[in-house]
Structure formats: structure tokens, C-alpha cells
Amino acid sequence: MTDALYLRYRPQTFEDVVGQKHVAETLRNALRQDRIGHAYLFTGPRGTGKTSTARILAKAVNCLAEDVNDRPDNACPICTAINQGRLMDLIEIDAASNTSVDDVRSLIEKVAFAPSEARYKVYVIDEVHMLSTSAFNALLKTLEEPPAHVIFVLATTEPHKIPATILSRCQRFDFHRISTRQISEHLNEIARREGLTVTPEALGIIARSATGSMRDAISLLDQVAAYGHTEIDEELVRDVLGMVSGLAISEFVDALAGGDPAEVLTRLHELIDKGIELSQFVNQLIDQLRILLLLNVGKDPNLVDLPDSLLAKAQEQAARFTAPQLLHTIRALTEAGQALKTPFAGYLPVELALLDALNLDGMTAPGEKPVEKQVSKPASRPVSSPRPAPRPKKAPPKRTTGSVPPPSKPAAPIDAELAGVWKQLLRVMRGINAKLQAMLRSGEPAGIQGGKFYIRFKYEFHRNQVQAGIDDVNKGLSQVLGRPMEAVILGENDPLPTASVASQPDAASAPTPASDPDPNPDPNPDPASPLTDHPVVRRALDDWGGVLKPSSLVD
Amino acid sequence: MTDDFRIRVYGHAWAQDLLRRALQHGATRHAYLFAGPEHIGKTTLARAFAQALTCENLAGEDGLGACGRCRSCRLAAEGMHPDHRLFAPAGNQLRIDQIREVVREAALSPVESRYKVFIITEFERANVNAANALLKTLEEPSATTRIILVSHQPSGLLDTIISRCQLLRMRPLPESEVVRALQERLGLEEPDARRLARLSNGRIGRAFSLAEDPESWQSYNQRIQEMQAILAYSPAQRIAYAQALEKHKQLEIILQEWLLWWRDVLVIQNRGQALIVNQDHLDALTDLARSIPGPQIRRFVDAIMTTAAYLRKNVNRQLAMEALLLKAPHRE
């Protein structure tokens, strides 16, 4: 036998159809009371039993068994003929390849003829959503009042594509996604009959991956069984699916918590070299981080469905992250998961997401994090020491390589300049992110120093909100200043990194290149000052060449 | 060696294993979907599987088990087998006429072998009608029919198609496999092979085309030089360069090269020197990593990816490239 398992185990009786009790019961009652409709519409996701139920219905209405309750008995000549696919009176039509009105017309012509051997002629029109509009319309009259010996069963995965005029002429049955538990029970039964040994964990993974479709689940079991192992365990299933073991995920999360990007990337590539399926891995990682997030925000471990052995480890890991970190990481990974769908960049989206997740942290000044932590949730974080220690280590080297060395040259009074930049920033931010701008207004500028712009907020809520949109603030700052600048959020009582900064003006904050001896570095040009000195104008001249004519500057 | 007509598949050992077992036990399925990134050997595996399905001896223990000597194997290797049918998108789309041809022929008996094998490549290019037209055949074809769908974008396929197939998710090859293949097939030296393997990112087809075309390798190095020069360009110069570049036929490949290059810079900034792709440019990369701030590079990488997405949507190539180059980091 080379049948796929899902064909071999197609349900043959109403009882066999898993998870669609509401449909099976209704149809059996209709049979018992001899109240069979003339047109049915079966809808529901793939692999939930629509075509199978249609065939069972065809058998049941035609079965020769004496007792109605026994139908279909799968033993009488009619049932056998249907099971072997050779009953003349069961007409299965593939609506997807016979879409035209002519196909429907030829069908209608034959409808009038009496059945050749069975009681009813059953027309099963599969994938009916693919019929053309005119084909649907041609069907309307026949569907409303077919000859007494005809039953129509329309089946589709996409009921929204069916015209209302068709819908109102049919008895509609919605097939539901099958629950994970029901799938794994059914798989267990199939495995038993096939003589396969499958561990409950393996069944669980298969059932979950099938997302409610029995055909997917059985296909998957089939695929795993094709390896020819006598026992099918978790590991084998993971291999086939390209999934990573729970332990590997946990270790990866540890690496993330450690905060060393090189370590994280190395681990990622180790996994890639082992041949994992990246999108599966991203999903698994998101699942794990979601658990940590739940543990992090809610103190109730019952929120997550984990055995005790894993729970302790998860709680320990949860304590090593802050909730915003987890949120940010999950968001970045979700985007990466989307980006993986177009294969242009390969593994790159995942790498970038991980680096982003790690660098979010580097953006906050050292020493600031613990304060925020204590304020936000003092109770939920029994282990707070491992976190702040490793993080700051990696942040400074990266920043210093990045930023331009600040020349030490005194300039205009810092306060006026700060206020100017702040005012401009608020104006620019309105265009970039209006919501964020509103948040920013409740803060005040604290200082500019070495490529960093410090903003002080009284309330933690504002801090968190602005921190979440820090990229936009950076964007705004670089627009205002004409060079990359990084916003750093401070709490009410946090000191600036160097005490002297607030009073000592820092020339790096001047918007013009350091080499330029510009006496007026105010980025908000005084209308009186010559426009030619404006950094934007100068940059344009540098970049594009040309001469500035006085006339073009007048008003 | 000369009379060995086996179609050789590099990597994907697990998939070859699985298919060989199925063949040996006479338990092959009626429909397969080989999914995975481009240029990793999906169609090659499909052809090798087809060869094994129709092989007269099926004796081999390695690969897929085709003997590679019988008449059938020879015909398969030459692409002349009467029972092998390969369908590729005609133009931009896989047409419903082509699918109808599959449906019709799938109902017929094989000409001379046990099976009639249909390989349909780039199945994501089948439009909704064409894909739907295959559903019934795909679920219950005749006992002597085998259908292999190949796609690099399984997410673009109908769920109803995927759930009817045995899905083999193929992945890019590990670097070591690509290196071995390049050494075996083309006799490359180890360092060359390794460099190509990294550049190709596990896509063996791409590695072979790079290796077989020394010009593409040369022009790669040249483009990398140019890209570094751009950093010092003024906007006017950048736009001029964009205009020259826009005429390049394989813009997407150039963007991929840039992407990998800047990724390397980012990786170095995060102290991942061992993981970089362009190992032979380590000095230049390190230099860039020191002088350009990480966030700027990060933004440029994003811009490259966005531009690639735009290009796939047929935007004005010149405008897209100009905008991208203006966003490139600036360095004196």
C-alpha cells in the first residue's frame, strides 16, 4: 500500500469523524426522521472532514442496511461501491477545475435522470468557491428545487466567496478546527493500528503543529513515520519539523540575558548550521519569551502552563529581563519572522532583531536601569543583581566607537542652546510622532554631552513611553542638529554621567563641524544673522557646489 | 564514472534519507512539496527523486538509491524521460492551462516506467485558479502518479495545497557541505571554496554560479571597492553612481552583497569577528566598524532591505537607488 495515511484513515462512518459532533449528530437525526435536505453546504478549515462527511452522507442515504441507525454499514453493495469509488450515483465534481457555466449546465442536464442503482443521486461539489458567478447563478434554480432523488453537497474552505443566493438555499454546516487533544488522541489510535510507537510528547508536538487540521496532523505523522524508526520521539519530530529542543531555546534565552551580542550571534549560527528551520526557531523563541513576559508582569505562575521542572528555570530567566526588554525583543522577532517570508535577506532579519533587542539596552545610561527597576516592580524581581552587571560592560565600547570624538571648545551658553534645541525638537517631533511629542513635553532637557542628549522625566510612565519611542526621538534630534545624536532618558534624581556637564558647556553639542570657528552655533538662526552661516545652507553648498546669490536670500 | 548517470544531490542528507527509505519500502507518497530558499537544490532533489522513482534497479545505498546505469536513469539525467514531466512557469505565471495538462496527463498510465512523475517548479507563481484546479488531483491522483511541487515561498501557497502534500522543508546547506561540493565538483582550493560558501549563504546554486564565472567574482570585488568609495561621495556624485548602477541587470544581487557587507560591519561592532562573511576584507570592515556609528549602519541596512522590497514591486529603479545611496553613511 502506498496510500498516504490520511487517505487510508479517511473516516468511513459518522462516528469516525473527529471533532465535528454537532454535524454528525444533526445529520444522523435527519436520517432517522427521514428529513434529509436536498442541498447541504459544508464549510470549515482544511482537513476538518468536509469531503469525508459528504461521502459518508452519500453512503448513509443509500445504504441498504435494515436499521436506519446502522447506516452506513460499509458492508452492503452500495457502501462498498462508494468506498471503492465506483458508484455511478455518487458524482464528485471538482469545482476548481470545472468552473465554467458550461460545466454546470451539463450537470443540470443530467440531474433529471433517475439514479442507476441507489436511492439518491448525490452530487458532491468540492471547492465550490471556485465556480464563476454565472456558474453559480446557473445552479440556483436546480439547487432550490431539485428532483426528489437528488441531494447536493457543496463543500468549501471559503464560505465568504459563496453568493448569498446559494447560501440561502442550502443547509449550512460549519466544521470546526479540531482541538489539539482530539487530534493527539486520534493520532494515537492511528499509530496503534499502524504499529508505531509514538511518545505522548511527540504526539503533542505534531498535534500542535497541525493547527486544527486532521489531514495536516496525519500527514505529519506519516512523514515522521517515513524515517522508519521503530519509536517516534520528541527529538525525531523536532528534526523533521526543523524545530529546536526546549533546552536549546532555554540556553539561547540565557545567552540573550547575558547581553553579549557576539555570544548570541555565535549561538544563532551554531543552530543554523545544524539545519534548523529559522521561522520555526523564531516562533519557538517568541513563545518562550512570551512565557517569561507573563511571569515577569504577573506574579502568578499559573498563568503559564509549565511543569514545575521548567517553571523554576523560567522564573529565574524572567527575572533577568525587564518587561520592556521582553516586549521589545518579542516585537523585533515578530517582525523578523515576517521578513523571513521573503527569502531576500536569508538569516539577516533574525540577526538584526537580536542585535536590536540587545542594543535597546545599551541606549539607556548605565546606572539608570536599577533605579527604574526598583520603582517599577520591587517584588517581582528577587534576582536583580545578575542583570545590570553584564549589560553596561558592552554598552560603552560600542558608543565610543560610534560617536565622533568631542572637541573641547567652549561655545555659547549651554542653557540657551539647550532650550533652543529642545524647542526645535518638540516642533520636529510633532511631524515624526505626535503621541511621543506629547510625552516629551512633560520632560525637560538636562544636557548635551558627547553625542548624547539627556532628557529628564519626573514620572516613570513618561520615561517608559519615551524610551519605547527612543528611535524616533533620535531621529528628531539628528534632524534638528544635522548629525547623529542619541537621546538618553533620566529619572528625576538621576545625575548626569559627569557632574560638571550641566554647567560646563560642551562644544560637541554645537551643530556645526568642530573645525569650523563659527561664533554663533545656535541651530535656530536668528533672523538677523547671515543665512550663509546656517549649517543647512553651508551643507548644501558643500554638497552641491554653486554660488549663493544675495537676491535669493531676500525674504 | 562515465556510465554513472545518477543525479547528484549535495546536502539535504535527511531528505535524501527519508525519500530513499520510502522508495525502498515502496511507501512513496503521491504528492510532495519541496520548500525552501532559492538555489539550495530543491529542483535537483526533485529530479533525482524522479530518477529514483523510475529507476529499473533501485539498488544504490547512497543518495536516493537510483542505480545510475539503466536506460531509465540515463534518460532521466538527460531530461528526456518520457514519464518525467517538468512544468515551469511560462513567463511570469504558472498558467491554468499548464495545470489542466497536469490534471489530464496524471490520469493516464505511465509510458514505460512504474510511475509518471510530475515536477512543477516555482509553484508560488500559480495563480489562485491554477492552484485550485490542482487540488483534487493532488489529493487523490491515480496510483501510478507522483507529483512534486517545488516552491521557495511556501507561505504564498494555499493552505489546501500544502496540507495535501508531504512537505519537505529544505534549508540552506551548512557551510561545510557547500565547501565540500565546490571542492569535489570544481576542484577549488579550500580557502576559495570557503569564501564562496560564505558569500553564497548556504545556497549551493549561487556558489556554483559564482565559482563557474570568474568575472562575477572579479566584479564582486570591484563593486565592494566602489561601495566603499561611495561613502566619501557628495550627494551629486552618489546620484550619478545610482544612475550608472540602475542599469545593472542583477540589482538584487548587488543589494544582497551590500547587505552582507554592512551586516559584517555591524557584526564586528558587536565583536563577532569570527562570523563575518567577507573574511578577506577584514581590515576594511574593521575600519568601517570603528568610524561609522552603529545606528547609522542599522538604518542603512533597513534601507537596503526596503529598497529590495520596492524593486520587487517594480518601482522606478533609478529613484529607488538614488534614495538608497543618499542614505548611505557618510565618511570623509
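Positions within a chain are numbered from 1, following the residues in the order the chain's sequence is written. Here every chain gets a letter starting at A, and every ligand a number starting at 1, in the order they are written. Restriction of local features to residues with pLDDT of at least 70 applies here, the model being predicted, together with a cutoff of 80 or more for giving and counting side-chain atom pairs; totals for whole chains, interfaces and linings are based on all residues.

1. Overview of the confidence of the model for chain A
Think of pLDDT as the predictor's per-residue confidence, scored from 0 to 100. Taken as a whole, chain A shows an average pLDDT of 79; of its residues, 81% reach a score of 70 or greater. Here residues 499-528 of chain A scores under 50 on pLDDT; set against residues more than four positions off or in separate chains, the count is 56 contacts. In this description, any two residues whose backbone-derived C-beta atoms lie within 7 Å of each other are considered to be in contact.

2. Regarding the packing of helix 7 (residues 175-186) of chain B against helix 9 (residues 204-212) of chain B
All names here are of chain B. Axis separation between helix 7 and helix 9 bottoms out at 10 Å; the angle between their running directions is 40 degrees. One finds that helix 7 runs oblique with respect to helix 9. For helix 7 against helix 9, the interelement crossing comes out right-handed. Residues V178, A181, L182 and L186 of helix 7 form the contact with helix 9, whose own contacting residues are I204, A207 and A211. Throughout, an axis means a line fitted to C-alpha atoms (over the contacting stretch in the case of helices), and angles, computed between N-to-C directions, take values from 0 to 180 degrees. Each helix corresponds to a stretch of at least 4 residues labelled H or I by DSSP, and each strand to a stretch of at least 2 residues labelled E; elements are numbered beginning at the N terminus. Should an angle fall under 35 degrees it is called roughly parallel, over 145 degrees roughly antiparallel, and 65 to 115 degrees roughly perpendicular, with every other angle called oblique. Each helix crossing is assigned a hand: it is left-handed if the near helix lies turned anticlockwise from the far helix by less than a right angle, otherwise right-handed if that turn is clockwise.

3. Structural notes on helix 12 (residues 251-269) of chain B
In this analysis, the expected span of each helix is defined as 1.5 Å times one less than the number of residues it contains. Here helix 12 of chain B spans 27 Å end to end across 19 residues, near enough to the 27 Å set by a 1.5 Å rise per residue. Phi for R271 of chain B, located one or two positions after helix 12 of chain B, is positive at around 60 degrees.

4. As for the interface of chain A and chain B
Contacts between chain A and chain B engage 48 residues on the former and 50 residues on the latter. Of the residues in the side of chain A that touches chain B, the class split is 17 nonpolar, 17 polar and 14 charged. For this classification, Asp, Glu, Lys and Arg are treated as charged, while Ala, Val, Leu, Ile, Met, Phe, Trp, Tyr, Cys and Pro are nonpolar and the rest, including Gly, are polar.

5. Observations concerning the sheet that holds strand 4 (residues 150-156) of chain A
All names here are of chain A. Paired strands, as defined in this entry, are two strands with at least two bridges between them according to DSSP. Spatially, 5 strands are ordered 2-3-4-1-5 in an open sheet, and the strand pairing comes out parallel. Of all strands in the sheet, those with a lone pairing partner are strand 2 (90-94) and strand 5 (171-174), marking the two edges. Strand after strand, the sheet turns through a mean of 15 degrees between neighbouring axes, direction not considered. By the bridge criterion, 5 bridges tie strand 2 to strand 3 (residues 121-126) in an arrangement that is parallel. Looking at the pairing, D94 lines up with D126 of strand 3. Against the sheet, helix 3 (residues 50-62) engages strand 1 (39-43), strand 2, strand 3 and strand 4, with an angle of about 170 degrees to strand 4.

6. Topic: the sheet that holds strand 9 (residues 452-456) of chain A
All names here are of chain A. Spatially, 8-9-10 is the arrangement adopted by the 3 strands of the open sheet, whose pairing is mixed. Two strands lie at the open edges of the sheet, namely strand 8 (444-449) and strand 10 (486-490), each paired on one side alone. Across this sheet, the average inter-strand angle for adjacent strands is 25 degrees, counted without regard to direction. Looking at chain direction, strand 8 and strand 9 are connected through 5 bridges and run antiparallel. Bridged to G447 within strand 9 is Y454. On the sheet, helix 23 (residues 470-481) packs against strand 9 and strand 10 and is oriented at approximately 125 degrees with respect to strand 10.

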